Amino acid sequence: MPTALLQAIESRTANVVVLGLGYVGLPVACLFAEAGFPVVGIRRSRDKVDMINRGESPIEGDEPGLAELLCRVVSTGQLRATTDYAVCRDAQVVLIAVETPVDRESRRPAYRALRSALTSLGPNLAPGTLVIVESTLAPGTMCDLVAPALEHASGLKATANPEPPIPDSRFYLVHCPERVMPGKLLANIRGCFRVVGGMSPEAAQLAVALYRHVVEAGLDAADALTAELVKTMENAYRDVQIAFANEMALLCEEMGADVWQVRELVNKSPFRNMHLPGAGVGGHCIPKDPWLLIANVGDGFRAGLIPAARAINDEMPLHMADLTAQALREAGREMTGARVAVLGYAYLENSDDTRNSPSAVLVERLGALGAEVVIHDPWVPEYRGDLYERVQGCEAVVVMVAHNEYRELDLVELQGRVARPILIDGRHLFGTEQARATGWVYRSVGVG
Ligand code: SAJ
């Protein structure tokens, strides 16, 4: 193990550079700065760099502790931001935390930001530096893209396995996938176990020594491919579980049963944990990571379950549109020209995050069917406002997100505002008895 680098890490004197000061990079930069490391963050936008150097957080939404921590570490000089990659020349540690989205049409990884970061870092990479990619990657990316791209751009060699003594032409390369969740950015970095995947065992051990300064949970060293698989597979696993619940909801609707009652009884069996059916699956992880998982597997493998689960979950907001159209038709009303209220635009309850929101799919489909759509969401600035006023004159109300505010809705008051009492419940907030007792024409996902 290289003593100089390890000593710099253990003494917290290693210069740390974080590429990408977004919702992954900024909190991790702040935590390493708080731990005592000198940290420089790189971001493309001059405005955002200036904002961060004023100690102001560019991260939207409620992130407990982040704004205060950022202000503190900037004021002490532990953290500063820049647009200039030349700062990497003095770094002993470089963390890469740029977005790695999936192309909507092809479902292939879109690595433009990653390639750009690697190309910019390369010429400024000093021998012996520990480079850690936190962005979520399709398994195989570290070996087939990150290492070759960085070697080409730097003229150095990534450490290989077994570990030769580090001459002055090598760098250490690791993948430590992020585990952020909007609303819990700092808590998740501190509290979630991390897999630390090294391109060599020594690289992994160096990264474990580094993360021990900010991660209170377990740190499991592994190889880079294992780390890529762990992150994408844990989210694909969740996507499949949710898809099972959604398919059972559709089955129960068809059979005239109540999936919510069935689910409760199924989960009384040991080792059962049937997830919640709903109006769709959004966010920055679950809809994307299953596609990353199967992106580079190769011809000898045919993915069946993963694409099928994605298709089921992607279908749910469209199913909400079908339930709405059906209820209107039964009331003798076509969708064309009908005023429909969509309650909830965030992808997750009690969150302002709208990334990959199922509501966006529903709103588009309702519009295509000729409806006049009004949107309300107490967490999303552009859709805040008085809910009862927003639904005035509507002929259908569709609940898409289980915000606390919606759980406490006064269904009698609401009915007094709408032109037609049709309530489509995508998260089963109200239950059939409660809704029908207050005179609503009520349809819930999963209830036939
Ligand atoms: N959803 C359902 N049914 C469920 C659970 C979720 O329809 O039973 C929907 C939600 O409404 C939402 C989407 O799925 O639209 C995603 O919800 P989520 O609870 O998985 O929240 P995320 O997307 O923030 O997932 C993150 C992930 N964490 C990381 O990537 C580090 C995920 O791996 C975690 O399992 C999840 O948080 C969590 O459990 O908190």
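Everything here concerns the structure above.
The structure contained in this document is the topic of the report that follows. Think of each chain on its own: its residues are numbered from 1, step by step along the sequence as written. Confidence filtering applies because this is a predicted model: local features only for residues at pLDDT of at least 70, side-chain atom pairs given and counted only at 80 or more, and all residues used for totals across whole chains, interfaces and linings. Each side-chain value is worked out from all heavy atoms of the structure, with water and hydrogens disregarded.

1. A closer look at the overall build of the protein chain
Then, in step 1: Secondary structure elements follow DSSP: runs of H or I of four or more residues count as helices, runs of E of two or more count as strands, with numbering from the N terminus. Along the backbone of the protein chain there are 17 helices and 14 strands.
Then, in step 2: For 448 residues, the compact-globule estimate of 2.2 N^0.38 gives 22 Å, and the protein chain sits close to it at 25 Å.
Then, in step 3: Referenced to the eigenvectors of the C-alpha coordinate spread, the extents of the protein chain come out at roughly 80 × 50 × 40 Å.
Then, in step 4: Burial analysis of the protein chain (448 residues in total) assigns 53% to the buried set.
Then, in step 5: Two residues form a contact once any of their heavy atoms are found within 4.5 Å. Sequence separation of at least 24 residues holds for 73% of the intrachain contacts in the protein chain that already meet a minimum separation of 6.
Then, in step 6: Entry remark: accessible area of the protein chain is about 19,100 Å², with carbon and sulfur atoms responsible for 51%.
Then, in step 7: One finds the centroid of the 42 positive side-chain charges in the protein chain at a distance of 2 Å from the centroid of its 55 negative side-chain charges. Throughout, the radius of gyration refers to the C-alpha atoms, and the reference size of a globule is 2.2 Å times the residue count to the power 0.38. Each residue gets one of three labels from its accessible area relative to the maximum for its type: buried under 20%, exposed over 50%, partly exposed in between, using a 1.4 Å probe on protein chains only. Computed with the Shrake-Rupley method and a 1.4 Å probe, the accessible areas treat only the protein chains shown as cover for residues. Residues scored as positive are Lys and Arg, those scored as negative are Asp and Glu, and His as well as the terminal groups of each chain are ignored. Lysine's charge is taken at NZ, arginine's at CZ, aspartate's at CG and glutamate's at CD.

2. A word on the sheet that holds strand S12 (residues 396-399)
Hydrogen bonds along the backbone pair up the strands of a sheet, which may run parallel or antiparallel.
Then, in step 1: Only when DSSP finds a minimum of two bridges between them are two strands counted as paired. Taken together, 5 strands build an open sheet; the order of strands is S11-S10-S12-S13-S14 and the sheet is parallel. The open sheet has two edge strands with one neighbour each: strand S11 (372-376) and strand S14 (441-444). Sheet twist, expressed as the average angle between the axes of neighbouring strands with direction ignored, equals 20°.
Then, in step 2: Inspection of the sheet shows strand S13 (residues 422-425) paired to S14 by 4 bridges, in the parallel sense. Its bridge partner being in S14, Asp425 is matched across the sheet by Ser444.
Then, in step 3: Contacting strand S10 (339-343), S11 and S12, helix H13 (residues 358-368) runs over the sheet at an angle of about 175° to S10. Axes here mean lines fitted to C-alpha atoms, for a helix over just the part in contact, with angles spanning 0 to 180 degrees between N-to-C directions.

3. Concerning the environment of Ala4
Then, in step 1: Mapped onto the elements, Ala4 comes out in helix H1 (residues 3-10).
Then, in step 2: Residue Ala4 is classed as exposed on the basis of its relative accessible area, which comes to 55%.

4. A few points about the site of the ligand
Then, in step 1: Whether a residue is near a molecule or strand depends on its heavy atoms: it is near if one of them lies within 4 Å of it. Neighbouring the ligand are 17 residues; Asn235, Arg238, Leu276, Gly282 and Tyr347 lie closest to it.
Then, in step 2: We call two N or O atoms a polar contact when they sit within 3.5 Å, provided that within protein one can donate a hydrogen and the other can accept it, with sequence-adjacent residues counted only if both atoms are side-chain atoms. Here an oxygen atom of the ligand sits 2.7 Å away from a polar atom, N or O, in the main chain of Tyr347.
Then, in step 3: Throughout, the ten residues Ala, Val, Leu, Ile, Met, Phe, Trp, Tyr, Cys and Pro are labelled nonpolar, Asp, Glu, Lys and Arg are labelled charged, and all others, Gly among them, are labelled polar. Tallied by class, the residues present in the shell around the ligand amount to 9 nonpolar, 4 polar and 4 charged.

5. Digging into the packing of aromatic side chains
Then, in step 1: Only Phe, Tyr and Trp rings are paired, with Trp represented by its six-membered ring, and only when their centres lie within 6.5 Å; those with planes under 30 degrees apart are stacked, over 60 edge-to-face, the remainder tilted. Taken as a whole and assessed by the stated rule, the structure comprises 3 aromatic pairs.
Then, in step 2: Ring geometry for Phe32 versus Phe37: centroids 5.7 Å apart, planes at 80°, classification edge-to-face. With respect to class, Phe32 is no different from Phe37; both count as buried.
Then, in step 3: Members of the aromatic cluster, each reached through a chain of ring pairs, are Phe32, Phe37 and Tyr211.

6. Concerning the side chain of Arg170
Then, in step 1: Mapped onto the fold, Arg170 is located in strand S7 (residues 170-175).
Then, in step 2: Salt bridge, as used here: a side-chain nitrogen of Lys or Arg that lies within 4 Å of a carboxyl oxygen of Asp or Glu. Despite its burial, Arg170 remains without a salt bridge, the nearest opposite charge being carried by Glu151 at 5.9 Å.
Then, in step 3: Engagement of the side chain of Arg170 in a polar contact is seen with the backbone oxygen of Ala158, the distance being 3.3 Å.

7. Notes on the pattern of salt bridges
Then, in step 1: According to the stated counting rule, one finds 17 salt bridges in the structure shown.
Then, in step 2: The partner of Arg107 in a salt bridge is Asp314, with the nearest N and O atoms 3.6 Å apart. One end of the pair, Arg107, is in the loop between strand S4 (93-96) and helix H5 (112-121); the other, Asp314, is in helix H12 (residues 305-330), and 207 residues separate them in sequence.
Then, in step 3: Judged by its relative accessible area of 33%, Arg107 is partly exposed.
Then, in step 4: In this structure, Glu395 and Arg420 form a salt bridge, with 3.2 Å as the shortest nitrogen-oxygen distance. Here Glu395 is found in the loop between helix H14 (387-390) and S12, whereas its partner Arg420 is found in the loop between helix H16 (411-415) and S13, with 25 residues between them in sequence.
Then, in step 5: A relative accessible area of 24% means that Arg420 is categorised as partly exposed.

8. A word on the side chain of Glu395
Then, in step 1: A residue is classified by how much of its surface remains accessible, and Glu395, at 11% relative accessible area, is buried.
Then, in step 2: A polar contact is formed between the side chain of Glu395 and the side chain of Arg420, at a distance of 3.2 Å.
Then, in step 3: Not counting residues within four places of it along the chain, the set of residues in contact with Glu395 comprises Leu328, Arg333, Gly337, Ala338, Arg339, Ala419, Arg420 and Ile422.

9. Some details on H5
Since the α-helix advances by 3.6 residues per turn, residues separated by three or four positions end up pointing in the same direction.
Then, in step 1: Burial in H5 covers these residues: Leu114, Ala117, Leu118 and Leu121. One side of H5 carries all its buried residues, which in axial view fall inside an arc of 95°. Turned more than 90 degrees off the buried face of H5, the exposed positions are Arg112 and Thr119.
Then, in step 2: Looking at the buried residues of H5, the elements they touch are strand S1 (16-19), S4, strand S5 (130-133) and helix H6 (141-154). Note that the arc is defined by the directions from the helix axis to the C-beta atoms.

10. A few points about helix H2 (residues 25-34)
Then, in step 1: Counting buried positions along H2 yields 9 of 10 residues, so the element is predominantly enclosed.
Then, in step 2: Within H2 the residues assigned to the buried category are Gly25, Leu26, Pro27, Val28, Ala29, Cys30, Leu31, Phe32 and Ala33.
Then, in step 3: Among the residues trailing H2, Gly36 stands out with phi positive, at a value near 115°.

11. Considerations on the nonpolar core
Then, in step 1: Core analysis: the largest hydrophobic core is formed by 51 residues, its most contacted members being Ile9, Phe32, Val39, Leu79, Leu130, Ile132 and Tyr211.
Then, in step 2: Apart from residues no more than four positions distant in its own chain, Leu79 is found in contact with Ala29, Cys30, Ala33, Val39, Gly41, Leu70, Val73 and Val74.
Then, in step 3: Buried Ala, Val, Leu, Ile, Met, Phe, Trp, Tyr and Cys residues that are joined via side-chain atoms within 4.5 Å together make up what is termed a nonpolar core. By size, the runner-up hydrophobic cluster in this structure holds 40 residues, among which are Tyr85, Leu114, Ala147 and Ile294.

12. A few points about the pairing of S1
Then, in step 1: Neither face of S1 is left uncovered, since the one carrying Val16 and Val18 and the one carrying Val17 and Leu19 both have all their residues buried.
Then, in step 2: Pairing of S1 with strand S2 (residues 39-42) involves 4 bridges; the strand directions are parallel. Looking at S2, one finds that Val18 is bridged to Gly41.
Then, in step 3: Read from S1 through H2 to S2, the crossover connection turns out right-handed.
Then, in step 4: The pairing of S1 with S4 spans 4 bridges and is classified as parallel. Directly across from Val16, in S4, lies its bridge partner Val93. Every crossover in which the path from the first strand over the helix to the second runs clockwise, viewed with the strands pointing away from the viewer, is termed right-handed.

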